[in-house]
Amino acid sequence: METFPWWSESQIQLANDAKKIVDEVLIPIGTRSALENTFSREAVKLMAGQGWFGALVPKKYGGHFEQWGVTGAAILNEEVARAGVAGPLGTTMFGSAAQLLHSGNDAQKDKWLPSMAHGELLGCITMTEPYAGSDIASIESTAVREGDHYVINGKKRFQTTVAAADLYLCYFQTSNKPEDRAAYRHLSAFVVEKGAPGFHVEKINDMIGMFGNYNGNLSFDDARVPVFNRLGQEGDGWKIMMGGLNVERILNGAPVLGAMRECIRYAQQHLERRLQFGRPVGDIATNQFKISDMISKLYLSRLMVYYASYCADLGRDVPIEAAVSKLFAADSLMETVLEAIQCMGGNGVLKMYPVQRIMQDAKLSQIAAGTSEVLKLLIYRQGTKRMKEDLKVPQRIIDEDLNVPLPLGKPPVKMTVKSEMDVLNVLAENYLVNPGLHMNMDDIREWIEVSDADLATCLEGLEAKGNAGLYRTRHGIALARITLSGLQAAHPPEYYRHIPKWADPKDMF
Ligand SMILES: Cc1cc2nc3c(=O)[nH]c(=O)nc-3n(C[C@H](O)[C@H](O)[C@H](O)COP(=O)(O)OP(=O)(O)OC[C@H]3O[C@@H](n4cnc5c(N)ncnc54)[C@H](O)[C@@H]3O)c2cc1C
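Everything numeric in this text was worked out from a predicted model, so none of it was measured. (Residues numbered from 1 in each chain as written. Predicted model: local features only at pLDDT ≥ 70, side-chain atom pairs only at ≥ 80, totals over all residues.)

**Focus on the sheet that holds strand 16 (residues 468–473)**
Whenever strands of a sheet pair, they do so through backbone hydrogen bonds, lying parallel or antiparallel. What the three strands build is an open sheet, ordered 14-17-16; its pairing is antiparallel. At either margin of the open sheet sits one strand with a lone partner, and together these are strand 14 (439–440) and strand 16. Pairing of strand 14 with strand 17 (residues 476–482) involves two bridges; the strand directions are antiparallel. Residue pairing in the sheet places Asn440 in a bridge with Leu479 of strand 17. Lying on the sheet, helix 15 (residues 452–464) is in contact with strand 16 and strand 17; it crosses strand 16 at an angle near 125°. (Pairing = 2+ DSSP bridges. Helix = DSSP H or I, 4+ residues; strand = E, 2+ residues; numbered from the N terminus. Contact = placed C-beta atoms within 7 Å. Axes fitted to C-alpha atoms, helices over the stretch in contact; angles between N-to-C directions.)

What follows is the structure, given as structure tokens:
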């Protein structure tokens, strides 16, 4: 595995050790487990023996968090995915350990983390329901407190490592008050242990890919869970879920990297050794371009996954980094594996090579832990918020010589609003400087000193006279523009004329 210059000695050592063990022991085990489609306890035991389940568990609980951290967890998931057995490792890390670490109390950590670190308790992340997928806030399962227990009813769907796992990090509704729902305080997080009364596996899903691991549905029928098992306070569920999803997305991007490496090595093996038309097919430039694209995608995906991991290890909140890394890596794997199969011709679709299996898993990775579309939505919302300052365009005014809008540089001295006309003049200038665009309230206030209430009064006054058009949201006036009669009221028609010097005056009427 290629290492990054910012990795610590321990992380580099971990990467080297993991690669050796994966190549020598885990790939043979994982290949058999995938072909037979059986959950490999042998692989779990081997990984547990290396302490790998403890990457996110602090030393005092028997783990290696201080040495390895999220970066180490990503390194392990990348390597182990080459053997196709990353499922239980990942779900234990992001489906209990991460949430316990950040939101568990001391007694909860004492109870569960040591066994998790040693791979004796496997974890499972339990969010999705039959009627709550991308809109995960709409979880319907309920947890109702009765004394020192919660009584839980509902169904969960699509859980990875279901049945094999011992601890299920679950989210249930603990309030149906509209105000709690509006404030995302309606969910709570619980650790539900295998064996809890009323808690059952309902179904094991048969799906493309994910061979050698379980994915399935759970049923809670008056299941009883001690209050002790609730993480944080009632209502903290959404916050815990969102924090957990950042780690989950990084650790869903990491296995994709290992899968991409497998694709590239099998494609390259074929290209170097397959002769057609009297020469290796790898001599054909279009095949070389395919490998080149695969390597570029791998490099970019690795950079993003390990940058997100690094930021998470620094303790930063990483919703955008985690989403970008998972989105880019998963989409890149899908493209890479299709091209790898194309490079290999018929061999690419034979079950005796891992590439066809990776193709099936690639589709899953574009859906699990947030679909590519949902991640794009998140990146749009969070990204535009975080980039707010960078996205501000400079204020511009019409340059008298050039007769075009030029950036102003330093913000203008703001004029105090005395009448509606001052606001109308700002809208009129915007007609010239940003043709066809409305102004938001901040845009207007960059030119004039005015309170929110006075600005709204002026705009409503202009609207009533037909001089301004307003666009309202549920928060009030959001956008404003000048109308034709507004333009006429603000300035004579010549004011708006712009004829460039190169235009023949004879043609201008
Ligand atoms: C292999 C696999 C493993 C999984 N493992 C787990 C697990 O361990 N634990 C767990 O809790 N869940 C798990 N899931 C569930 C997974 O998180 C959901 O499948 C996923 O969040 C999408 O939900 P959905 O399937 O209900 O799709 P839907 O929400 O029904 O979406 C259908 C389509 O609409 C699109 N869409 C939905 N909303 C929007 C929107 N607002 N804007 C644009 N597009 C939108 C989606 O992108 C998708 O293309 C797993 C799923 C798979 C396939």
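That shown, we press on.
**Focus: the packing of helix 3 (residues 69–81) against helix 7 (residues 237–273)**
Helix 7 packs onto helix 3 with a crossing angle of 35° between their chain directions and a minimal axis gap of 6 Å. The two elements helix 3 and helix 7 meet at a crossing, and its hand is right-handed. Taking contact as the criterion, the partners of Val70, Ala73, Ala74, Asn77, Glu78, Glu79 and Ala81 in helix 3 are, on helix 7, Val247, Ile250, Leu251, Ala254, Pro255, Leu257, Gly258 and Ala259. (Left-handed = near helix turned anticlockwise from the far one by under 90°.)

**With respect to the nonpolar core**
Counting 110 residues, the largest nonpolar core has Val80, Phe190, Ile250, Cys263 and Ala340 as its most contacted members. Setting aside its immediate chain neighbours within four residues, Val80 contacts Val22, Leu26, Met47, Val85, Ala86 and Leu89. Grouped together as the second largest cluster of nonpolar side chains are 17 residues, Val423, Leu427, Met439 and Cys458 included. (Core = buried A, V, L, I, M, F, W, Y, C linked by C-beta atoms within 7 Å. Buried ≥ 20, exposed ≤ 12 C-beta atoms within 10 Å, placed from the backbone.)

**Remarks on the site of the ligand**
Near the ligand there are 21 residues, and of these Thr128, Gly133, Ser134, Thr371 and Glu373 occur at the shortest range. Within the residue set of the shell around the ligand, elements represented by two or more residues are strand 1 (123–126), strand 3 (149–160) and helix 11 (372–386). Taken together, the residues of the shell around the ligand break down into 10 nonpolar, 10 polar and one charged. When residues are assigned to domains, the shell around the ligand turns out to be shared by domain 2 (123–235) and domain 3 (238–391), each giving three or more. (Near = placed C-beta within 6 Å. Nonpolar A, V, L, I, M, F, W, Y, C, P; charged D, E, K, R; others polar. Domains from an automatic or database assignment.)

**With respect to the pairing of strand 3**
Relative to strand 3, strand 2 (residues 142–146) is paired through five bridges, and the arrangement is antiparallel. Bridge pairing in strand 3 links Ala143 to Ile152. Joining the antiparallel neighbours strand 2 and strand 3 is a turn of two residues, in which Gly147 adopts a positive phi near 65°. Taken together, the nine bridges between strand 3 and strand 7 (residues 215–226) define a ladder with antiparallel strand orientation. Directly across from Gln159, in strand 7, lies its bridge partner Gly216.

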